[in-house]
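Each chain, letter by letter, is given below.
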Amino acid sequence: MKINWDIFQEKRCICCGRPFFPTTCTHSIENYIRTHLCPECAKEIKQRATGYCRHCGELLLDEKQILPRCGQCGDSLDLWEDFSFFAKYDGIFRELILQAKFNHNRADTKFLGELSALCFMEHNQNLEKPLQKLNIIPMPLHDRRLIHRRL
């Protein structure tokens with residue numbers, strides 16, 4: 001009798017719970033995603049390195065466009081040197097954030113935290129001096145809660 005040891009490589013997707021076998025690739029962030037999410041969920045999360053205003057974060061229609069400031073920012077004062085984020089807040093990425101926020105799901109929280117750290121390190125890999133930046137990671141807020149907080 002031959003034992004199939006591959007079954008011990010199987011993992012469960014932290015998003016949908018389906019079993020899958022992790023795959024690897026050369027890009028560290030994509031590799032990290034592929035080891036925690038099934039192929040169907042992983043293909044829905046893609047990093048967005050361009051296509052947004054580097055001043056306010058407004059998403060541009062063209063995902064490949066590199067623009068230091070959108071038309072609304074124009075000549076406004078710089079509040080920070082650079083702005084970056086991982087992905088658009090929708091689909092599975094949104095679901096993972098909501099599960100981490102409201103269901104206190106430790107697997108999702110760990111996944112998102114490590115993904116944020118990888119994204120931050122990738123974005124700042126060419127720094128010549130020691131890292132002296134502040135990294136702010138906002139948690140999305142529902143419109144009603146935002147109105148309530150403003151009152």
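Thresholds applied
- Residues numbered from 1 in each chain as written.
- Predicted model: local features only at pLDDT ≥ 70, side-chain atom pairs only at ≥ 80, totals over all residues.
- Heavy atoms only, no water.
- Phe/Tyr/Trp six-rings, centres within 6.5 Å; stacked < 30°, edge-to-face > 60°.
- Helix = DSSP H or I, 4+ residues; strand = E, 2+ residues; numbered from the N terminus.
- Buried < 20%, exposed > 50% of the residue type's maximum accessible area, 1.4 Å probe, protein only.
- Contact = heavy atoms within 4.5 Å.
- Salt bridge = Lys/Arg side-chain N within 4 Å of Asp/Glu carboxyl O.

Caption draft 1: A look at the packing of aromatic side chains. The final tally for this structure, using the stated rule, is two aromatic pairs. Centroid distance Tyr-32 to Phe-111: 5.4 Å. Interplanar angle 10 degrees. Geometry classified as stacked. Within this pair, whereas Tyr-32 is found in helix α1 (residues 28-36), its partner Phe-111 is found in helix α4 (residues 106-123), the two being separated by 79 residues in sequence. As far as burial versus exposure is concerned, Tyr-32 and Phe-111 are alike and both buried.

Caption draft 2: Broad picture of the environment of Arg-18. By the secondary structure assignment, Arg-18 is in the loop between β1 (11-12) and β2 (19-20). A sequence separation of 20 residues divides Arg-18 from Cys-38, and the C-alpha atoms of the two residues are 7.1 Å apart. In this view, Arg-18 contacts Lys-11, Arg-12, Cys-13, Cys-38, Glu-40 and Cys-41; residues no more than four positions away in its chain are not counted.

Caption draft 3: A look at the pattern of salt bridges. On inspection of all chains with the given rule, the structure shows three salt bridges. The salt bridge partner of Glu-30 is Arg-34, with a shortest N-O separation of 2.7 Å. Here Glu-30 pairs with Arg-34, and both are found in helix α1, just four residues apart, close to one helical turn. Residue class for Glu-30 comes out partly exposed when judged on its relative accessible area of 36%. Residue classification places Arg-34 among the partly exposed positions, given a relative accessible area of 29%. Taking the shortest distance from any N to any O, the salt bridge between Arg-94 and Glu-95 comes out at 3.5 Å. The class for Arg-94 is partly exposed, based on a relative accessible area of 34%.

No statement about biological role is implied by the geometric values presented.
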